[in-house]
6 protein chains.
Amino acid sequence: MSRDDGRAPDALRKITFVPNIAPHASGSVLVSFGATQVICAVMVEDGVPHWMKQQQVPGGWLTAEYSMLPYSTLSRKPRDSSRGRIDGRSSEIQRLIGRAMRAVVDLRVLGQRTVWIDCDVLQADGGTRTASITGACVACAIAFNKLLATRKLKASPLKKMVAAVSAGVYRNEAILDLCYVEDRDATVDANFVMTEALEFVEIQSSGEEATFSEAQMSDMLALSKKGVKELVELQYQAIRDAEGAAAPDQLADLAKQFSK
Amino acid sequence: MSRDDGRAPDALRKITFVPNIAPHASGSVLVSFGATQVICAVMVEDGVPHWMKQQQVPGGWLTAEYSMLPYSTLSRKPRDSSRGRIDGRSSEIQRLIGRAMRAVVDLRVLGQRTVWIDCDVLQADGGTRTASITGACVACAIAFNKLLATRKLKASPLKKMVAAVSAGVYRNEAILDLCYVEDRDATVDANFVMTEALEFVEIQSSGEEATFSEAQMSDMLALSKKGVKELVELQYQAIRDAEGAAAPDQLADLAKQFSK
Amino acid sequence: MSRDDGRAPDALRKITFVPNIAPHASGSVLVSFGATQVICAVMVEDGVPHWMKQQQVPGGWLTAEYSMLPYSTLSRKPRDSSRGRIDGRSSEIQRLIGRAMRAVVDLRVLGQRTVWIDCDVLQADGGTRTASITGACVACAIAFNKLLATRKLKASPLKKMVAAVSAGVYRNEAILDLCYVEDRDATVDANFVMTEALEFVEIQSSGEEATFSEAQMSDMLALSKKGVKELVELQYQAIRDAEGAAAPDQLADLAKQFSK
Amino acid sequence: MSRDDGRAPDALRKITFVPNIAPHASGSVLVSFGATQVICAVMVEDGVPHWMKQQQVPGGWLTAEYSMLPYSTLSRKPRDSSRGRIDGRSSEIQRLIGRAMRAVVDLRVLGQRTVWIDCDVLQADGGTRTASITGACVACAIAFNKLLATRKLKASPLKKMVAAVSAGVYRNEAILDLCYVEDRDATVDANFVMTEALEFVEIQSSGEEATFSEAQMSDMLALSKKGVKELVELQYQAIRDAEGAAAPDQLADLAKQFSK
Amino acid sequence: MSRDDGRAPDALRKITFVPNIAPHASGSVLVSFGATQVICAVMVEDGVPHWMKQQQVPGGWLTAEYSMLPYSTLSRKPRDSSRGRIDGRSSEIQRLIGRAMRAVVDLRVLGQRTVWIDCDVLQADGGTRTASITGACVACAIAFNKLLATRKLKASPLKKMVAAVSAGVYRNEAILDLCYVEDRDATVDANFVMTEALEFVEIQSSGEEATFSEAQMSDMLALSKKGVKELVELQYQAIRDAEGAAAPDQLADLAKQFSK
Amino acid sequence: MSRDDGRAPDALRKITFVPNIAPHASGSVLVSFGATQVICAVMVEDGVPHWMKQQQVPGGWLTAEYSMLPYSTLSRKPRDSSRGRIDGRSSEIQRLIGRAMRAVVDLRVLGQRTVWIDCDVLQADGGTRTASITGACVACAIAFNKLLATRKLKASPLKKMVAAVSAGVYRNEAILDLCYVEDRDATVDANFVMTEALEFVEIQSSGEEATFSEAQMSDMLALSKKGVKELVELQYQAIRDAEGAAAPDQLADLAKQFSK
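On a predicted model such as this, the values are computed, not experimentally measured, just so you know. (Residues numbered from 1 in each chain as written. Chains lettered and ligands numbered in written order. Predicted model: local features only at pLDDT ≥ 70, side-chain atom pairs only at ≥ 80, totals over all residues. Heavy atoms only, no water.)

## A word on the overall build of chain A
Next up, step 1: Along chain A, the regular secondary structure elements total eight helices and nine strands.
Next up, step 2: Taken along its principal axes, the extent of the C-alpha atoms in chain A is 55 × 55 × 40 Å.
Next up, step 3: Classification of the 260 residues of chain A by burial places 62% in the buried group.
Next up, step 4: Long-range contacts, defined here as pairs at least 24 residues apart, represent 69% of the contacts in chain A between residues at least 6 apart.
Next up, step 5: Roughly 9,800 Å² of accessible area belongs to chain A as shown, and the carbon and sulfur atoms make up 49% of that amount.
Next up, step 6: Charged side chains of chain A number 31 positive and 32 negative; the gap between the two group centres comes to 6 Å. (Helix = DSSP H or I, 4+ residues; strand = E, 2+ residues; numbered from the N terminus. Buried < 20%, exposed > 50% of the residue type's maximum accessible area, 1.4 Å probe, protein only. Contact = heavy atoms within 4.5 Å. Areas by Shrake-Rupley, 256 points an atom, 1.4 Å probe, with all protein chains shown as cover. Lys, Arg positive; Asp, Glu negative; His and termini not counted. Charge placed at Lys NZ, Arg CZ, Asp CG, Glu CD.)

The following block contains the structure:
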């Protein structure tokens, strides 16, 4: 079987990271999984939520918010703020991003601080939650490096890298990193969150008005390990890039020149 | 290892189904997984949601709502209606229940009807989402049987039974059907939704500020198959019981006598 | 005149109390007025609301919440949490329950505690507010007895029992404890809240697109006194029963056996 | 006993009606019960609510909204719109006003129209709900007379006048039409809604952390009849006045002159 | 060109102030710009908002709320509280009123107090925001004078008077103080807020699906200066009137007599 | 006086437009006014709002939404969706953007379509509303050109270009296009919306706890004309650029290379 975009079943889409896209954030990155683009930004605030103070939990807190920009989808997605509440799917995804990051961040090392991770989808073409987690980890690393450089932290709270990738069963074959059309037509859709040591943090696998077998689960699992391994390498590259990254002003200049 | 309640690692808690607990519903059951008790009620309404009419989707619709009664937990849980919105966890669970049931209900056979599944947790001791799915399937079967008996349906839309069970890693061992204390202390917590043919409908597995290995995943998977197999037998028994079930008035009498 | 269910005009429906229906609550009861069934649960929390602290009001607080489960009515009642706010009728009833209970509970004896009373209607067949108040008082008594037994309280804050019953004018005759059909067709609908000494706590009487005379008011008043007198005896019996009551686990077993 | 303001126990406060206070409304009145002042305005719109159309109920609809202006109370009352929802007390009162008016308005005579009654409390000194009902009836009469004059209606939907008054037990004596201070210190607080024929539409009587006897209820009932009888005469006078009433522009002029 | 009501292009409508319309407020006035009538009430509370305390801003705070009563418009305007949120236009106007008043009130002289300004439109005929600001300033002056008289303040926080007026381009001519019909048909609509020294506090000028020239802007500006000059004189007269003003009880009497 | 960034008083910041930043939109641009960056995206949907259908208004509709991304400000700005409602300032700005664009778009030429303009602030450094309007016009032009190219429109609904710029009084001098620090410390802050013919669409000028003179207004007005003239030239250049613009995929590549 060949996929619509010519990829092999076990191939990731083109993955890119543009660091420092949101300069007011402590750390930020524009992550692309093919045409899927997500802005991941990390801001570190002093203090912890009220409930932590009350329960006297030591250390800091980390929370995530996920949102799709109205123009990220083919037909306009109404804003949550206009609807007056966060939709169920967004709420589910932001809870997943938070759990994934808390699995690799040592909140005691963080101290009495709150890490806010914001993931805004600029363009959606499948895999927005896996791109969000993969980008969020890079943005955290950049943010913590900045706090280390300014001596606000003595050690990085990031114990190891975490990344996520989707797999699915499409036309009876297990494939990696589905784009929107593949995702829509797949009979099974799974998301794998793993550390750089390829330990699992979270597995979500769901039959789309269909069921799946243990063998299919195994196939998807194998693909996802390959995918995460590659993603982690790219994450490390992006973090290194961030240190010498261009200021956003230069970027805009460049983009402008290029677009002529 | 022996578990606090003396169960073997692969043993379910005591599972019971009290059918027809909510007589105004088309089908209902009070399901217990040990001390966890959930009222599952199904009401079938004529008509489909507005968006289905607009998009001219054929057949019917099925949706689920999940809520914890304020006195189901050890310290009182404020009502969603007082907070003005559904909390993220409840939203996540009710979406899961809906997906699980839609995997085994043929919406075209249902016709232009909407199936409402309500799951209200009367007592929470771990596994409320798996009990909800397992009970919801029984309530649906009872409701559809009633519609068949009154000739409102010609065939049952329920293609096969679906059930759900949790597994986890607790003190380094895989165990089945965790109670609250085990769930709280487990390093991995997974939920498995399967049909009676032991095909997977949904797998959710999450490290609790920890990670897990492929071997642990396999162990939990094996346990869950054993669990679902037993649950399906009990579900069939409950559906048979429901036909000759006592009216709730008699039940209350009996309960009253017994409590003297 | 004979009533549809054969009752005399001054007869209550069959009244039952199943104590300890919600074991995590301090006190609870499933109260039935005929086919109307309400779960009444009391939880006692340490501390008082913010406004009491600010105004330095001595003693404790007591508040009630009332809700109809979606499957309690013949056609499904949408949840308040889905609508984003409590409906006007529910708000009115829960305010009434709170006032009724505060009339017989000595908040100074309670100490710096908050009593939460939750009334969830499992099945609605008229008189849900009167059943709620009657059940709430039993649940409070059970809860306070438990706090006395564990020496958290030195004296019971419950000064006397309170109970409530409806009366109405139906086919030109005053009748007691209306079921849904009678309530729907009655020209006058009244609710009486009284203490065990038959002192009034609250009277609400309303013509349903009709008016009523002083004589009709007197008739309903006389009926309500008879009704409350009987209810109070049953409440005392239920409180005595609660001490030796079966654990919920046994109850479910029993119900299961019976339903075969 | 003499009351703080020198009134006899069975005396109303000074009652006034300023008609046409809100010229854009079909009918309006500023009603005063002593220092309590309420703007009552009626607007008649074509069409009926969606649910009436769906259920094909014949005739029209009537609904009421009640609100306290922020400066009506001694310390500022935050707006419901700032809090995002209507408070329980306001909701209860506007439901009462609606029921009271629907008891005397023939909705079939009204035709496919909706009557909106708005009651905004300009100054609160006890009895705002009874002033609202008493004023709402005058505003309805004025509005219906206008529709009769312009031949939009052939007969008035107002079958008879309705008025309301409070009574209470204060220092062990039954008194009529309580001001705020009396209401605050009364042990019983009751509201009576009656037609001009002195038939009851609604009775609400509530012990304020206290109870009351049948004899006290009788005393309050007798007082309320006297009060409503007087109110109805004043209502008729106000309706007659409204026909030759000054335009609001002249009123403001006059008020301005007077205040010099 | 002559205007529909015969006014010269540079003429204000009839402007009146009825002081002390809301006696529970510290200061209040019913202001009329022709048929536009707004209740402006000022309440001064001890304490400042939470955010001021946190940021340790010295002095007090001043905030405004604006609302249209449902019967102020020709067809009924639904209440914000029923819609669950403040509409965009109201939010914009109340922010403008607050900024206008903060420009002339010295918050440090006010001390640790919060000034609440409520503007409720009783009747809308164009220019409700300019009438609100003009009336709010009078109400503030009255309120501060009362605090000076009772020695709660040593100096008035009101540094100078502020007033507002609208201007527009209607049938190609600049006109002052537009009524609703003129406002609806004008091609340009502008609002000017000025101090008594004719310094600008705020200018808002907007083409209604049209554009405007610098010359037109100059014309409107000249008109607005003339208008504000006249308004300030009337404001001072109103503040003087307020000291000997009739109690609201007398006002109602008088109005009642007059309306016969 | 020299400004902190060395600009002359009448100089704009560096202005750039990156077209097609959001490929799913009909037209989009990332506009920068110095460090202020706003994504402006236009989506054109078939159909018009319900109220237009009801009132049978001919032609189409255009509406705008404005939001600040949480990481656009120096300390994180909570999302409106988390707060459950749009804040007053955002509501004011999106209403302004809508009015500005409706002044230059012929809604009848648009046909039965709705134009959604979304402005999301990626980075805020003063002037986000003027950048939004200036970018929105470019995004509209691109979108309409696309509809012309695909023959969905026969003529462009965009009658002329519109642009906006801020001016203010800072250290007693009128300056153009204020950055955040200048805006914070300015005594007067004004926004000017003009067409390419330098006709005014909207002027908003506000003293920041201060007042301003007619002479200062004239100075700011002159500056704003110069600014808009320059902006319109850059807008036309951006629209021309958009036709040969790079796909976003290439852009990301380039940016990635550059950042090494």
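## Things to note about the arrangement of the chains
Next up, step 1: Contact between chain A and chain D is absent, and the minimum C-alpha spacing across the pair is 11 Å.
Next up, step 2: Between chain B and chain E there is no contact, and the shortest C-alpha to C-alpha distance separating them is 11 Å.

## Regarding the confidence of the model for chain A
Reading predicted coordinates in detail is not appropriate for stretches of low pLDDT.
Residues and elements named next belong to chain A.
Next up, step 1: Looking at chain A as a whole, the pLDDT averages 90, with 92% of positions reaching at least 70.
Next up, step 2: Below a pLDDT of 50 lies the segment residues 246-251, which in the model reaches eight contacts outside its immediate sequence neighbourhood of four places, other chains included.
Next up, step 3: Low pLDDT, under 50, characterises residues 253-260; the stretch is placed with 19 contacts to residues that sit more than four places away or in other chains.
Next up, step 4: The complex model carries a pTM of 0.90, and its ipTM stands at 0.90. (pLDDT = per-residue confidence, 0-100.)

## Here's the deal with the interface of chain D and chain C
Next up, step 1: Taken together, the contact between chain D and chain C spans 26 residues of the former and 26 residues of the latter.
Next up, step 2: Both sides together, the interface formed by chain D and chain C hides about 2,300 Å², and carbon and sulfur atoms give 50% of it.
Next up, step 3: In this assembly, chain D and chain C are joined by four salt bridges.
Next up, step 4: When the shortest N-O distance is used, the salt bridge between Glu92 of chain D and Arg95 of chain C registers 2.6 Å.
Next up, step 5: Breaking the side of chain D that touches chain C down by element, the ones donating at least two residues are helix H3 (88-102), strand E9 (200-207) and helix H7 (214-243) of chain D.
Next up, step 6: Looking at the side of chain D that touches chain C, the element that brings in the most residues is E9 of chain D, giving eight residues.
Next up, step 7: Per-class residue counts for the side of chain D that touches chain C are eight nonpolar, nine polar and nine charged.
Next up, step 8: Pairing of strand E9 (residues 200-207) of chain C with E9 of chain D, which is carried by five bridges, proceeds in the antiparallel orientation. (Buried area = accessible area lost by both parts, 1.4 Å probe. Salt bridge = Lys/Arg side-chain N within 4 Å of Asp/Glu carboxyl O. Nonpolar A, V, L, I, M, F, W, Y, C, P; charged D, E, K, R; others polar. Pairing = 2+ DSSP bridges.)

## Looking at the side chain of Thr73 of chain A
Next up, step 1: As for its placement among the helices and strands, Thr73 of chain A is situated in the loop between strand E4 (61-68) and helix H2 (80-83).
Next up, step 2: Within the local environment of Thr73 of chain A, its side chain forms a polar contact with the backbone oxygen of Ser75 of chain A, the two atoms lying 2.8 Å apart.
Next up, step 3: Setting aside anything within four residues of it in sequence, one finds Thr73 of chain A in contact with Met68 and Ala124 of chain A together with His24 and Met43 of chain F. (Polar contact = N/O pair within 3.5 Å; in protein donor to acceptor, adjacent residues only side chain to side chain.)

## Considerations on the relation of the copies chain D and chain C
Note on the chain copies: they are related by a rotation about an axis and a translation along it.
Next up, step 1: With an RMSD of 0.0 Å, the operation that places chain D on chain C is a rotation of 180° combined with a shift of 0.0 Å along the axis. Such a combination of rotation and displacement between the chain copies is what one expects of a two-fold axis. The position closest to the rotation axis in chain D is occupied by the C-alpha of Gln204 of chain D, lying 2.3 Å away.
Next up, step 2: When the interface residues of chain D are mapped onto chain C, 100% of them are again interface residues, pointing to one common binding face. (Least-squares fit on C-alpha atoms with pLDDT ≥ 70 in both.)

## Re the sheet that holds strand E6 (residues 162-170) of chain F
Next up, step 1: Judged by pairing direction, the sheet is antiparallel, and its eight strands sit side by side in the order E7(E)-E6(E)-E8(E)-E9(E)-E9(F)-E8(F)-E6(F)-E7(F) without closing on themselves. At either margin of the open sheet sits one strand with a lone partner, and together these are strand E7 (173-176) of chain E together with strand E7 (173-176) of chain F. When the angles between neighbouring strand axes are averaged without regard to direction, this sheet yields 15°.
Next up, step 2: The pairing of E6 of chain F with strand E8 (residues 188-195) of chain F spans eight bridges and is classified as antiparallel. Looking across to E8 of chain F, one finds that Ala167 of chain F is bridged to Ala190 of chain F.
Next up, step 3: Together, strand E6 (162-170), E7, strand E8 (188-195) and strand E9 (200-207) of chain E together with strand E9 (200-207) of chain F form the strand contacts of helix H7 (residues 214-243) of chain E, whose direction differs from that of E6 of chain E by roughly 145°.
Next up, step 4: With respect to the sheet, helix H3 (residues 88-102) of chain F is in contact with E9 of chain E together with E6, E8 and E9 of chain F, its orientation differing from that of E9 of chain F by roughly 150°. (Axes fitted to C-alpha atoms, helices over the stretch in contact; angles between N-to-C directions.)

## Some thoughts on unusual backbone geometry
Next up, step 1: One non-glycine residue, Leu198 of chain E, lies in positive phi territory at about 60°.
Next up, step 2: One non-glycine residue with positive phi stands out, namely Arg171 of chain F, at about 50°.

## Points about the sheet that holds strand E6 (residues 162-170) of chain A
Next up, step 1: Taken together, the eight strands give an open sheet; going across it, the order is E7(A)-E6(A)-E8(A)-E9(A)-E9(B)-E8(B)-E6(B)-E7(B), and neighbouring strands pair in antiparallel fashion. Looking at strand neighbours, the two that pair on one side only are strand E7 (173-176) of chain A together with strand E7 (173-176) of chain B, the edges of this open sheet. Between one strand axis and the next, the sheet turns by 15° as a mean value, whatever way the strands run.
Next up, step 2: Along the sheet face, helix H7 (residues 214-243) of chain A touches E6, E7, strand E8 (188-195) and strand E9 (200-207) of chain A together with strand E9 (200-207) of chain B and points at about 145° away from the line of E6 of chain A.

## Considerations on the environment of Leu176 of chain A
Residue and element names in this part refer to chain A.
Next up, step 1: Locating Leu176 in the fold gives a position in strand E7.
Next up, step 2: Residue class for Leu176 comes out buried when judged on its relative accessible area of 0%.
Next up, step 3: Look past the residues within four positions of Leu176 in its chain and what remains in contact with it is Arg3, Arg7, Pro9, Asp10, Ala11, Leu12, Val165, Ser166, Ala167, Leu223, Ser224 and Gly227.

## Brief notes about the packing of helix H3 (residues 88-102) of chain C against H3 of chain D
Next up, step 1: Contact pair H3 of chain C / H3 of chain D: the axes reach a minimum separation of 9 Å and the direction vectors enclose 115°. In terms of orientation, H3 of chain C lies roughly perpendicular with respect to H3 of chain D. Here H3 of chain C and H3 of chain D pass one another in a crossing that is left-handed. Here Gly88, Arg89, Ser91, Glu92, Arg95 and Arg99 of chain C of H3 of chain C come into contact with H3 of chain D, specifically with Gly88, Arg89, Ser91, Glu92, Arg95 and Arg99 of chain D.
Next up, step 2: The residue makeup of the contact of H3 of chain C with H3 of chain D, split by class, is no nonpolar, four polar and eight charged. (Parallel < 35°, antiparallel > 145°, perpendicular 65-115°, else oblique. Left-handed = near helix turned anticlockwise from the far one by under 90°.)

## Concerning the packing of helix H5 (residues 128-149) of chain C against helix H7 (residues 214-243) of chain C
Residues and elements named next belong to chain C.
Next up, step 1: Viewed as axis vectors pointing N to C, H5 and H7 meet at an angle of 35°, and their least axial separation amounts to 10 Å. H7 is crossed by H5, and the crossing has right-handed handedness. In this structure, H5 uses Thr134, Cys137, Val138, Ala141, Ile142 and Asn145 to contact H7, whose residues at the interface are Leu231, Gln235, Ala238, Ile239, Ala242 and Glu243.
Next up, step 2: Of the residues that constitute the contact of H5 with H7, the class distribution is eight nonpolar, three polar and one charged.

## Topic: the environment of Val31 of chain A
All names here are of chain A.
Next up, step 1: Mapped onto the fold, Val31 is located in strand E2 (residues 27-33).
Next up, step 2: Take Val31: its relative accessible area is 0%, and that puts it in the buried class.
Next up, step 3: Placed 14 residues apart in sequence, Val31 and Phe17 show a C-alpha to C-alpha distance of 4.5 Å.
Next up, step 4: Once residues lying within four places of it in the same chain are set aside, the contact partners of Val31 are Thr16, Phe17, Thr36, Gln37, Val38, Cys40, Ala131 and Gly135.

## Focus on H5 of chain C
In an α-helix, one turn spans 3.6 residues; hence positions three or four apart end up facing the same way.
Residue and element names in this part refer to chain C.
Next up, step 1: Compared with the 32 Å implied by 1.5 Å per residue over 22 residues, the 31 Å span of H5 between its first and last C-alpha is a close match.
Next up, step 2: For H5, a buried count of 18 out of 22 residues is recorded, marking the element as mostly surrounded by other parts of the structure.
Next up, step 3: Positive backbone phi, approximately 60°, marks Arg151, located one or two places after H5. (Expected span 1.5 Å × (residues − 1).)

## Focus on the pairing of strand E2 (residues 27-33) of chain F
Residues and elements named next belong to chain F.
Next up, step 1: The buried fraction of E2 amounts to seven of the seven residues, a majority that puts the element mostly inside the structure.
Next up, step 2: Residues Gly27, Val29, Val31 and Phe33 line one face of E2 and the alternating positions Ser28, Leu30 and Ser32 line the opposite face, and both faces are buried.
Next up, step 3: Inspection of the sheet shows strand E1 (residues 15-19) paired to E2 by five bridges, in the antiparallel sense. Bridging across to E2, Phe17 finds its partner in Val31.
Next up, step 4: Where E2 meets strand E3 (residues 36-46), seven bridges bridge the pair, whose relative direction is antiparallel. Note that in E3 the partner of Phe33 across the bridge is Thr36.
Next up, step 5: The turn joining E2 and E3, which pair antiparallel and follow one another in sequence, is formed by two residues; a positive phi near 60° is taken by Gly34.

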